[in-house]
Amino acid sequence: MTSNPNGAPPLAIVTGANTGLGFETARGLVEQGYRVIVAARHPHKGRAAAEALRAEFPEATVRFEPLDLDSLASVRDFAATVQAQEARLDRLVNNAGLLAPPTREMTRDGFERQLGVNYLGHFLLTSLLLPLLQAAPAPRVVQLSSLAHRSGRIDFGDLNGERDYDPWRAYRQSKLAMLLFSQALQRHSDARGWELVSVAAHPGLSRTALFEHGVRSRALVGSLFRLLMPLISQSAADGARPVLHAATADEVRPGDYFGPAGPWEARGAPKRARMTAAARDSMLAERLWEVSCDLTGARWEAPPVATTP
């Protein structure tokens, strides 16, 4: 961990940090000495999470900033606020997400909500924060994927599920998109000299409110999962361990993907996780990158180079 030139601790942003995996990830970063911005949609929940972290770690610097990934305008406002307040960003953890709403919902920009919130909002956010990331000595971006990416596919002909919406198919698509994003971001960084480390992680099967909400879309499957979860799953705090490992461990390599080490990668200590062939498909990732730029307006501009008069 590298301090800022003025001696301030490094800065981390965690999206969806008001609860569950996001809160536990923020907590782990605070514990390791990071200043943390809790980025969340609901002000009262976000402020409560920041207050809880400050109560547990009285010397820590933790603050809440509103971020609604359902709205690209909110993403732009959040990025502008952080850019006005901070000189650099050391860690960006793109954690926030939705899981399998039973009926098709749309973001304010007209995207299917899982695609928009889980992926497209984070794609735009990362592009807007690129100058702050480049200002850090060893910046790292972590995308939250899922075991569900293994059966996911990117349906370019129906990205928004207009013809045939299925909640879990849309979720799997969004989580494959996040993993493809992590790989494409590393390739673009290498090609353009951004000097980022781009990685991804998944939490295995973690007991969170998000998962509980998601299984409601499949009553029979949800009932079965509720019976099995105590045996095959882990807590949100344990689920955050691969994410924290991806964000902070020295052994991390560009393009890495981490998950639990136990059977089926459902629970356990962090280890390098298995990616499908689709997740490693560079042509697929580049096509998705180009489509995402068109949909969000992301420009991926480098900061201006300072000149000596």
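Structure's up top.
Here the structure is a predicted model, which is why all the values come from computation and not from measurement.

## Comments concerning the overall build of the protein
In terms of regular secondary structure, the protein is built from 11 helices and 10 strands. Residue burial in the protein is summarised as follows: out of 309 residues, 57% are buried. Partitioning the intrachain contacts of the protein with sequence separation of at least 6 by distance along the chain shows that 73% fall at a separation of at least 24. Entry remark: accessible area of the protein is about 13500 Å², with carbon and sulfur atoms responsible for 52%.

## Points about helix H4 (residues 113–128)
The axis of H4 is deflected most strongly, by about 35 degrees, at Leu120. Regarding H4, its N-cap is Glu112, as a side-chain oxygen of that residue lies 3.0 Å from the backbone nitrogen of Gln114 further along.

## Looking at the pattern of salt bridges
A full pass over the atoms with the stated rule returns 16 salt bridges. A salt bridge links Glu86 to Arg63; the shortest N-O distance between them is 2.9 Å. Remark: Arg63 occurs in strand E3 (residues 62–66) and Glu86 occurs in the loop between helix H3 (72–85) and strand E4 (91–94); sequence separation between them is 23 residues. Assessed through its relative accessible area of 24%, Arg63 is described here as partly exposed. Three or more residues joined by partner-sharing salt bridges are found here, namely Arg41, Asp68, Asp70, Glu105, Arg108 and Arg113.

## What to know about the sheet that holds E4
Here we have eight strands laid out as an open sheet, ordered E3-E2-E1-E4-E5-E6-E9-E10, and mixed in their pairing. In this open sheet, the two strands that pair with only one neighbour each are E3 and strand E10 (270–272). Sheet twist, expressed as the mean angle between neighbouring strand axes with direction ignored, is 25 degrees. With five bridges joining them, strand E1 (residues 11–15) and strand E2 (residues 35–40) adopt parallel strand pairing. Paired with Thr15 across the strands is Ala39, a residue of E2. Helix-sheet contacts for helix H10 (residues 241–248) involve E4, strand E5 (140–144), strand E6 (197–201), strand E9 (257–260) and E10, and the interaxial angle to E5 is about 160 degrees.

## Section: empty space enclosed by the protein
Counted under the stated rule, the structure contains one cavity of 30 Å³ or more. Counted as a void, the largest cavity has a volume near 30 Å³. Forming the boundary of the largest cavity are Leu69, Asp70, Ser71, Leu72, Thr107, Asp109, Phe111, Gly116, Leu120 and Gly121. The biggest single contributor to the lining of the largest cavity is H4, with three residues. Each residue belonging to the lining of the largest cavity can be placed in one class, and the counts come to four nonpolar, four polar and two charged.

## Looking at the packing of helix H6 (residues 167–192) against helix H11 (residues 282–296)
Axes are the key here: two packed helices are described by the angle between their axes and the distance separating the axes. The geometry of H6 relative to H11 is characterised by a closest axis approach of 9 Å and an angle of 90 degrees between their N-to-C directions. Taken as axis vectors, H6 and H11 run roughly perpendicular relative to one another. Between H6, through Ala177, Leu180, Phe181, Ala184, Leu185, Arg187, His188 and Arg192, and H11, the contact on the second element is made entirely by Ser282, Leu284, Ala285, Glu286, Leu288 and Trp289.

## A word on unusual backbone geometry
Even without being a glycine, Glu195 presents a positive backbone phi close to 60 degrees. Note that Glu195 resides in the loop between H6 and E6. At Glu265, a residue that is not glycine, the phi angle is positive and equals roughly 55 degrees. Along the polypeptide, Glu265 turns up in the loop between E9 and E10. Judged by its relative accessible area of 7%, Glu265 falls in the buried class.

## As for the nonpolar core
Note that soluble globular proteins tend to have their nonpolar side chains buried in a common cluster. Of all hydrophobic cores here, the largest spans 52 residues; its most connected members are Ile13, Tyr119, Leu129, Trp289 and Trp300. At the level of elements, E1, E2, H3, H4, helix H5 (130–134), H6 and H11 are the ones that each hand at least two residues to this core. By residue number, the principal contributor to this core is H6, which donates eight residues. Among all residues touching Trp300, those that are not within four sequence positions of it are Phe123, Thr126, Ser127, Leu130, Phe181, Leu185, Arg192, Trp194, Trp289 and Cys293. Counting 31 residues, the second largest nonpolar core, distinct from the first, contains Val38, Ala40, Leu53 and Val243.

## Comments concerning the packing of helix H1 (residues 20–31) against helix H2 (residues 43–56)
Relative orientation of the contacting elements H1 and H2 amounts to 35 degrees, with a least axis distance of 11 Å. Between H1 and H2 the crossing geometry is right-handed. Across the interface between the two elements, Phe23, Ala26, Arg27 and Val30 of H1 pack against Ala49, Ala52, Leu53 and Glu56 of H2. Taken together, the residues that form the contact of H1 with H2 break down as six nonpolar, no polar and two charged.

Conventions we followed
Residues numbered from 1 in each chain as written. Predicted model: local features only at pLDDT ≥ 70, side-chain atom pairs only at ≥ 80, totals over all residues. Heavy atoms only, no water. Helix = DSSP H or I, 4+ residues; strand = E, 2+ residues; numbered from the N terminus. Buried < 20%, exposed > 50% of the residue type's maximum accessible area, 1.4 Å probe, protein only. Contact = heavy atoms within 4.5 Å. Areas by Shrake-Rupley, 256 points an atom, 1.4 Å probe, with all protein chains shown as cover. Bend = angle between axes of the 7 residues up to and from the residue. Polar contact = N/O pair within 3.5 Å; in protein donor to acceptor, adjacent residues only side chain to side chain. Salt bridge = Lys/Arg side-chain N within 4 Å of Asp/Glu carboxyl O. Pairing = 2+ DSSP bridges. Axes fitted to C-alpha atoms, helices over the stretch in contact; angles between N-to-C directions. 1 Å grid on protein atoms, 1.4 Å probe; cavity = no way out; pocket = protein on both sides within 12 Å on 5 of 7 lines; lining within 4 Å. Points joined across faces, edges and corners; volume = space filled by probe spheres on them. Nonpolar A, V, L, I, M, F, W, Y, C, P; charged D, E, K, R; others polar. Parallel < 35°, antiparallel > 145°, perpendicular 65-115°, else oblique. Core = buried A, V, L, I, M, F, W, Y, C linked by side-chain atoms within 4.5 Å. Left-handed = near helix turned anticlockwise from the far one by under 90°.

Geometric descriptors of this kind do not, in isolation, establish any biological role.
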